[in-house]
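Examining the three-dimensional arrangement
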Number of protein chains: 2
Amino acid sequence: MSPVTPSMMSDPVAPLPAVGYVGLGMMGGPMAHRLLAADYPVTVWNRNRHKLAKLIGDGATPADTPAELARNSVVVMMCLLDTAAVEQVVFGPDGIAHGIQKGAVLIDFSSIRPDATRDFAKRLREATGVGWIDAPVSGGVPGAERGTLAIMAGGEPADIERVRPIVMTLCQRFTHMGPSGAGQVTKLCNQILVGSTIALVAEATKLALNAGIDAAKLPECLRGGFADSPVMQIWLPRMLARKFEEKLGDSYIMLKDLDTAHALGRETGTPLPMTTTAAELYRLLNVKGGAEWDPAALISLYD
Amino acid sequence: MSPVTPSMMSDPVAPLPAVGYVGLGMMGGPMAHRLLAADYPVTVWNRNRHKLAKLIGDGATPADTPAELARNSVVVMMCLLDTAAVEQVVFGPDGIAHGIQKGAVLIDFSSIRPDATRDFAKRLREATGVGWIDAPVSGGVPGAERGTLAIMAGGEPADIERVRPIVMTLCQRFTHMGPSGAGQVTKLCNQILVGSTIALVAEATKLALNAGIDAAKLPECLRGGFADSPVMQIWLPRMLARKFEEKLGDSYIMLKDLDTAHALGRETGTPLPMTTTAAELYRLLNVKGGAEWDPAALISLYD
């Protein structure tokens, strides 16, 4: 495969730009499939190569290293577990930074620390001139499969607009929230709202049960009012059902995100009394053996 | 006016049952107007009689006392400020209990204490045989005017079903949540969810601002996702606008409701860590001079 020229991306009559995708897990896998289905040429790399079989069968080209992948891509995408994994894949030996072409753009869909993101973006810009867009996603595996994710982005406006057509293949909303790190900050706000609202719904549900009302009727009774929320509609029935192994998410991951939000609160001098209370409840749940349960398991703390 | 017979209410060819409405304030006024517009004969009583002029002009009949109103009504409705006002109007001198007819039903739309409600319902039943439906409302003045309220009810199923046709003149949803007091418990759950989510959105908004993102874009960016809520859509822009005198509600009333919820938590042995944290933030806001501001003013605590 010959290196592509960056100009492809903005020329409407040229072929679709070559995309590299690193990290083909629960989210990255279906996202890469959507790119293939939209006829983008896609190169893939994953730490565990066996996850690539289906993508290769569908037309993706495997690369031996992230650097090789980057050499063949105008748009390099990543979706990785945490800050350490991102640093390793970009700046480690044979990392993306060693292959990425001038004029390319890097999009990081991972949810990682905002301060680390800003540092990584600066290092990549200084070493290669390439722009880094932090673009964490919301919407889960169904959203990745259906292309209905919400993607919240930080970075240079010109970079954001250049990749918008490709990114819109993957989501229903791609919002530029500010400079480098702004996508990660937005994702933390998202996690604060989701994680803390689940904790709130848990105690309200338990109060309803203890006070003898038909708690199962609350979502319908309150639908459309100020008290309504997707969290109440989705998680309140899950709390009543008490099947915490059937997961929409892991409690330990929510705790990790709330602790990261707390660190951002300290860094920016922002008190977070509600979020901190919620985080301590998740920590208590983890201590009680619920780390790998759905966050709905918070209600079990009150049993 | 001659006393009506209770049988009117369940006979489809009989005239509409006579309704009495006590407490024609911000909510009761528009609710009584809707009853008149639906051709119910309506008798009204209010502590401050000057609030009745428009209703009388529209066809309502004023009563001299709550007892007189009750003597002429098959369905007696109330919407009053607090527990003390309800007790006074029902059991005080010339109160409803002294006039209400056997076979009538009392509907209390006020938001008051669940334990007091159960006590009042028992006293009324023992003294008169009349059933008491606690039926607090959600949806505010616009909901009262448009008949789009959500009404959450506690009481005997037979009483609830008897009054359903009349109550549906006033709301889009009338949900039986359990025995006496269940409506009040549900309203407290509603207030827990609304009041605490506003507190949560306040700190998330401040974190977003302090971390340099475009907080005004959060509602659109997160719309439809797990983090979405009417509270975020409605109150986040109000927090950014910082016009706390333009009110959807009063902070001191939210504090009163959260404190009542806390009392129910103590009574039922239910820990409420999120709600309690929120309540203390409202208390702090009240101390800082924000008692009569909109709850959006919570964000000012972080300035």
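Anyway, here's the lowdown on the structure attached to this text. (Residues numbered from 1 in each chain as written. Chains lettered and ligands numbered in written order. Predicted model: local features only at pLDDT ≥ 70, side-chain atom pairs only at ≥ 80, totals over all residues. Heavy atoms only, no water.)

**Things to note about the interface of chain A and chain B**
Counting residues at the interface gives 61 residues for chain A, matched by 61 residues for chain B. Roughly 5,100 Å² is buried in total at the junction of chain A and chain B, and carbon and sulfur atoms are behind 75% of that figure. Three residues, Leu 207, Phe 226 and Met 274 of chain A, lead the burial of chain A against chain B; their summed loss comes to 16% of the area buried on that side. At the surface where chain A touches chain B, the tally comes to 2 salt bridges. Note that Glu 220 of chain A is salt-bridged to Arg 173 of chain B, the shortest N-O span being 3.8 Å. Remark: the boundary between chain A and chain B carries 16 residue pairs in polar contact (both at pLDDT 80 or more). Contributing elements (two or more residues each) for the side of chain A that touches chain B: β8 (149-154), β9 (171-178), α8 (182-210), α9 (218-222), α10 (230-241), α11 (251-268) and α12 (273-290) of chain A. Take the side of chain A that touches chain B: its biggest share by element is 19 residues, from α8 of chain A. (Contact = heavy atoms within 4.5 Å. Buried area = accessible area lost by both parts, 1.4 Å probe. Salt bridge = Lys/Arg side-chain N within 4 Å of Asp/Glu carboxyl O. Polar contact = N/O pair within 3.5 Å; in protein donor to acceptor, adjacent residues only side chain to side chain. Helix = DSSP H or I, 4+ residues; strand = E, 2+ residues; numbered from the N terminus.)

**Things to note about the packing of α8 of chain A against helix α12 (residues 273-290) of chain B**
As a packed pair, α8 of chain A and α12 of chain B sit with axes 8 Å apart at the nearest point and diverge in direction by 105°. Regarding the angle of α8 of chain A to α12 of chain B, the classification is roughly perpendicular. Counted together, Ser 196, Ala 199, Leu 200 and Glu 203 of chain A of α8 of chain A and Pro 273, Met 274 and Thr 275 of chain B of α12 of chain B form the full contact between these two elements. (Axes fitted to C-alpha atoms, helices over the stretch in contact; angles between N-to-C directions. Parallel < 35°, antiparallel > 145°, perpendicular 65-115°, else oblique.)

**Describing the relation of the copies chain A and chain B**
In screw terms, the move from chain A to chain B is a rotation of 180° and a rise of 0.0 Å along the axis, fitting with an RMSD of 0.0 Å. Such a combination of turn and shift is consistent with a two-fold rotation axis. In terms of C-alpha distance to the rotation axis, chain A has Ser 229 of chain A as its closest residue, with the C-alpha 2.3 Å off the axis. Comparing interface residues between copies, 100% of those in chain A also lie at the interface in chain B; the contact surface is shared. (Least-squares fit on C-alpha atoms with pLDDT ≥ 70 in both.)

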